[in-house]
Amino acid sequence: SQTDERLFTATNALDALRSSAQRCDSVELAWLLLGADHALLAEQEACDAARLAEEARARLFELFNAQSGLFFRHFRKGPAHAVSRRVPCFANQIYPLMALSVHAQRTGCRHSREIARVVADRLCRLQGPLGQWWWLYDAGDGSVVDGYPVYSVHQDGMAPMALLEAEKVTGVSYDDEIQRGLRWIHGQNEISQSLVLTEQGLILRDIHQHGVGRVSRAFRAALWRRGWRRRGKKTRRFVVNAECRPYHLGWMLYAAALAHERAAGDRHATQALAPVAK
């Protein structure tokens, strides 16, 4: 029926991937891989889910740059896409990290585990001095192109949930980096202000540089792609984006569930999402 055709199934997802593989970016491939693995864990649509996992994983492997330890954003070629391909955002790294970690848990895939370890270690080495998970990266040389905005959802949701999944297959604890990220939200940040509004049940969206918007960031990324590495005058004025989007709260719960799952399995384990004040 028409309703059935709109449902997300492994079969529909596999068809979509095969018809538009060159247009998929690393975020989309990561979610296809993650969905396929969860379908297989639930013993649903085993045949198509297995094919989907295999093909999405292979495409992610193609986007990974072993020299930089990061993923390119997409496959598209040509001058119009050169900047966006080489200058991916945090999501282009963290979702593939999570997906490959879950895949390695299910299958024992050594290559997925190795890439997960490399990407996790690279992101942790690039983490900011206040625990910031930065925004834009250079997938060619493994550096940070533009750090701001720093998003709260990266700090307490996306980074913790991916790193906690990576820990399961790498055996490496990323608690220190997770804790630094959490302390940033709770006031150890550029403006010395907690972004958590307890009474309202909200967490403010980000801290960004005053007067720096999408156009200026895109221009800076384009110059970076052409080899211009001068970062310009750093602003001392930061602004809070007073939004709270629902997916943030969902990812935060996902990460908290992983932390509690680990703590339940090891009573001596650190509560990774319980921020330590310093």
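Our subject is the structure that appears above.
Residues numbered from 1 in each chain as written. Predicted model: local features only at pLDDT ≥ 70, side-chain atom pairs only at ≥ 80, totals over all residues. Heavy atoms only, no water.

Whenever I open this one, the packing of helix α8 (residues 152-170) against helix α9 (residues 175-185) confuses me. Can you help?
Packed helices, taken two at a time, are described by their axes: the angle between them and the distance between them. Contact geometry for α8 and α9: axes closest at 9 Å, N-to-C directions at 165 degrees. Taken as axis vectors, α8 and α9 run roughly antiparallel relative to one another. Regarding α8 and α9, the two cross each other, and that crossing is left-handed. Residues Ser152, Gln155, Asp156, Pro160, Leu163, Leu164 and Glu167 of α8 form the contact with α9, whose own contacting residues are Asp175, Ile178, Gly181, Leu182, Trp184 and Ile185. Looking at the contact of α8 with α9 residue by residue, the classes come out as 7 nonpolar, 3 polar and 3 charged. (Axes fitted to C-alpha atoms, helices over the stretch in contact; angles between N-to-C directions. Helix = DSSP H or I, 4+ residues; strand = E, 2+ residues; numbered from the N terminus. Parallel < 35°, antiparallel > 145°, perpendicular 65-115°, else oblique. Left-handed = near helix turned anticlockwise from the far one by under 90°. Contact = heavy atoms within 4.5 Å. Nonpolar A, V, L, I, M, F, W, Y, C, P; charged D, E, K, R; others polar.)

Hey, could you run me through the packing of α8 against helix α11 (residues 246-265) in this one?
Interaxial distance between α8 and α11 falls to 8 Å at its minimum, and their mutual angle equals 35 degrees. In terms of crossing hand, the pair formed by α8 and α11 is left-handed. Between α8, through Ser152, Val153, Asp156, Gly157, Met158, Pro160, Met161, Leu164, Glu165, Glu167 and Lys168, and α11, the contact on the second element is made entirely by Tyr247, His248, Trp251, Met252, Tyr254, Ala255, Leu258, Ala259, Glu261 and Arg262. Residue classes in the contact of α8 with α11 are distributed as 12 nonpolar, 3 polar and 6 charged.

For this particular structure, what's the right way to read α11?
Owing to its 3.6 residues per turn, the α-helix aligns residues three or four sequence positions apart on the same side. With 20 residues, α11 extends 29 Å from end C-alpha to end C-alpha; this agrees with the ideal 28 Å at 1.5 Å per step. All of the buried residues in α11 are His248, Trp251, Ala255, Leu258, Ala259, Arg262 and Ala263. Angularly, the buried residues of α11 cover 135 degrees about the axis, an arc narrow enough to put them on a single face. Summarising the geometry of α11, the exposed residues directed more than 90 degrees from the buried face are Pro246, Leu253, His260, Ala264 and Gly265. On its buried face, α11 sits against α3 (26-41), α6 (91-107), α8, α9 and β7 (202-203). (Expected span 1.5 Å × (residues − 1). Buried < 20%, exposed > 50% of the residue type's maximum accessible area, 1.4 Å probe, protein only. Arc of directions from axis to C-beta.)

Got a minute to help me understand the pattern of salt bridges in this structure?
Any two side chains of opposite charge can pair, given that their charged atoms come close. Enumeration over the complete set of coordinates arrives at 13 salt bridges. A salt bridge links Arg106 to Asp37; the shortest N-O distance between them is 2.4 Å. Taken as a pair, Arg106 in helix α6 and Asp37 in helix α3 lie far apart in primary sequence, 69 residues in all. Residue classification places Arg106 among the partly exposed residues on the basis of a relative accessible area of 31%. Owing to a relative accessible area of 0%, Asp37 belongs among the buried residues under this scheme. (Salt bridge = Lys/Arg side-chain N within 4 Å of Asp/Glu carboxyl O.)

Looking at this structure, I do not really get the sheet that holds strand β8 (residues 206-209). What am I missing?
Adjacent strands of a sheet pair through backbone hydrogen bonds, lying either parallel or antiparallel. As summarised here, the arrangement of the 3 strands in space is β5-β8-β9, forming an open sheet in which the pairing is antiparallel. Edge positions in the open sheet fall to β5 (150-151) and β9 (238-241), since each of these has one partner strand only. Looking at chain direction, β5 and β8 are connected through 2 bridges and run antiparallel. Paired with Val150 across the two strands is Ile207, which belongs to β8. (Pairing = 2+ DSSP bridges.)

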